[in-house]
Amino acid sequence: MVETTTLAPKKSLLFMEGRAIPELFGFAAALPTLAALAPRGNGQPVLVLPGLTANDASTVALRRFLKGKGFAAHGWKMGLNFGPRPGVEAGLIDLVNSLHEQYDQKVSIVGWSLGGIYARQLGKLLPEKVRQVISLGSPFAGLPRATNAWRVYETVSGERATAHHADHHMGGAISKAPPVPTTAIYSKTDGICSWQNCIEADTPLTENIEVKGSHCGLGHHPAAVYAIADRLSQPEGAWKRFDRSGFRSVIYPAPAYLN
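What you are looking at is a predicted structure, and each value in this text was computed from that prediction instead of being measured.

Here we look at the overall build of the chain
When helices and strands are counted, the chain shows 9 helices and 6 strands. A globule of 259 residues ought to have a C-alpha radius of gyration of about 18 Å, and the chain, at 17 Å, matches this closely. C-alpha atoms of the chain, sized along the principal axes, occupy 45 × 40 × 35 Å. A buried classification covers 54% of the 259 residues belonging to the chain. Counting only contacts in the chain whose residues sit at least 6 apart along the sequence, the fraction spanning at least 24 positions is 77%. Accessible area for the chain stands at about 11000 Å²; split by element, carbon and sulfur atoms hold 59% of it. Looking at charge distribution, the chain has the averaged site of its 26 positive side-chain charges lying 4 Å from that of its 20 negative ones.

See below:
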């Protein structure tokens, strides 16, 4: 059991974020193995949301892999993610509603960093239309300034990085888990967001999955991508926590949970 932190990751970890580039090459090298091992989807819709200052180009590798495994993966098509500026929250709600209507089934949402916070809030607002939520290095559990990106957030969003402002957007308090199955993927060597603030409390509908890598590489980290496909492939209404038995126990450490 762990507690949230008020501190951003150490600068040494921030400098290590350059690992994201070799992690992308590692993903490319691992594609044949991933394609063989990862479970397939059956055409279910998946919305993938980018992180702060990123756009759909940052999630191309993940979305292409998911499409190749039989999932109907979609980007957010809203340009660069500059935070909850006017129209963003309404646009996200419209997007979930549109995908739900198009496929006539619930939508799974995968969000990277800030995108994961959006994903969790959408799960609270539209639980009847959201199948599950997966966040990648999303700092929803602690103070907004316990990251190495809060100044960038304030600059591009025009919002204050305070708990008061964070809890007065769609869906209410960001620390509260959605009422749908929710997976938090995190890294203890994340150089952007403190990992203690990226994990869920222990409930029947939440789980945490640790991978060993950078924050900026989570969307194409082979272990994270495998876990995402595994989670998305579960039948609706039959969600179970990630199985770490067998070869997975070597790759995925025992998860941490908030008190």
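With respect to the sheet that holds strand β1 (residues 45-49)
What the 6 strands build is an open sheet, ordered β2-β1-β3-β4-β5-β6; its pairing is parallel. Each having just a single partner strand, β2 (72-74) and β6 (206-210) make up the two edges of the open sheet. Here the strands of the sheet are splayed against their neighbours by 20° on average, with no regard to which way each runs. The sheet contact formed by strand β4 (residues 130-136) and strand β5 (residues 182-186) spans 4 bridges and is parallel. By the bridge assignment for β5, Leu136 is matched with Ile185. Docked against the sheet, helix α3 (residues 60-68) engages β1, β2 and β3 (107-112), running at close to 165° with respect to β2.

Calculation criteria
- Residues numbered from 1 in each chain as written.
- Predicted model: local features only at pLDDT ≥ 70, side-chain atom pairs only at ≥ 80, totals over all residues.
- Heavy atoms only, no water.
- Helix = DSSP H or I, 4+ residues; strand = E, 2+ residues; numbered from the N terminus.
- Rg over C-alpha atoms; globule rule 2.2 N^0.38 Å.
- Buried < 20%, exposed > 50% of the residue type's maximum accessible area, 1.4 Å probe, protein only.
- Contact = heavy atoms within 4.5 Å.
- Areas by Shrake-Rupley, 256 points an atom, 1.4 Å probe, with all protein chains shown as cover.
- Lys, Arg positive; Asp, Glu negative; His and termini not counted.
- Charge placed at Lys NZ, Arg CZ, Asp CG, Glu CD.
- Pairing = 2+ DSSP bridges.
- Axes fitted to C-alpha atoms, helices over the stretch in contact; angles between N-to-C directions.

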